[in-house]
Amino acid sequence: MDARWKIIRERIRLLTKYPFFGYLALNLTLKEDESIPKMATDGSYLYYNPAFVDKQTEEHLRTLIAHQVLHCALGHLWRRQERNL
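Residues numbered from 1 in each chain as written. Predicted model: local features only at pLDDT ≥ 70, side-chain atom pairs only at ≥ 80, totals over all residues. Heavy atoms only, no water.

## Points about the overall build of the protein
- Across its full length, the protein carries five helices and three strands.
- Going from the N terminus to the C terminus, the protein shows its helices and strands as α-α-β-β-β-α-α-α.
- Looking at the protein alone, contacts between residues at least 24 apart form 45% of all its contacts between residues at least 6 apart.
- If you sum the accessible surface of the protein, you get close to 5800 Å²; carbon and sulfur atoms cover 54% of it. (Helix = DSSP H or I, 4+ residues; strand = E, 2+ residues; numbered from the N terminus. Contact = heavy atoms within 4.5 Å. Areas by Shrake-Rupley, 256 points an atom, 1.4 Å probe, with all protein chains shown as cover.)

## Observations concerning the packing of aromatic side chains
- Counting across every chain of the model gives two aromatic pairs.
- Ring centres of Phe20 and Phe21 lie 5.4 Å apart, and the angle between their planes is 75°; on these two criteria the pair is classed as edge-to-face.
- Phe20 sits in the exposed class, given a relative accessible area of 52%.
- Overall, the relative accessible area of 22% leaves Phe21 in the partly exposed class.
- The interplanar angle of 35° and the centroid separation of 5.7 Å between the aromatic rings of Tyr45 and Tyr47 together place this pair among those described as tilted.
- The class of Tyr47 is buried, set by a relative accessible area of 18%. (Phe/Tyr/Trp six-rings, centres within 6.5 Å; stacked < 30°, edge-to-face > 60°. Buried < 20%, exposed > 50% of the residue type's maximum accessible area, 1.4 Å probe, protein only.)

## Quick look at the nonpolar core
- Ile7, Met39, Leu46, Tyr48, Val53, Leu61 and Ile65 are the most contacted members of the largest nonpolar core, which totals 17 residues.
- Secondary-structure elements contributing two or more residues to this core are α1 (3-17), β3 (45-48), α3 (50-54) and α4 (58-73).
- It is α4 that contributes the most residues to this core, six residues altogether. (Core = buried A, V, L, I, M, F, W, Y, C linked by side-chain atoms within 4.5 Å.)

Below you can see the structure in the form of structure tokens.
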């Protein structure tokens, strides 16, 4: 199964088991990006490296998606303002 479908499947599982995280995860558009090492978000997109995603277990991938969603939910992207960390 390719990386995109693995992420889609885990977002659906998040939606059924943890609706709050699943709902937020569905609002991020998936975008493959081999230039990043793992996963990232800018609040609109969920960027993922397919080689990294392919190596993850279902449970770990689900956790990684929830982690990215929490960056948005907790405002980490916007609190940073002009700082380049």
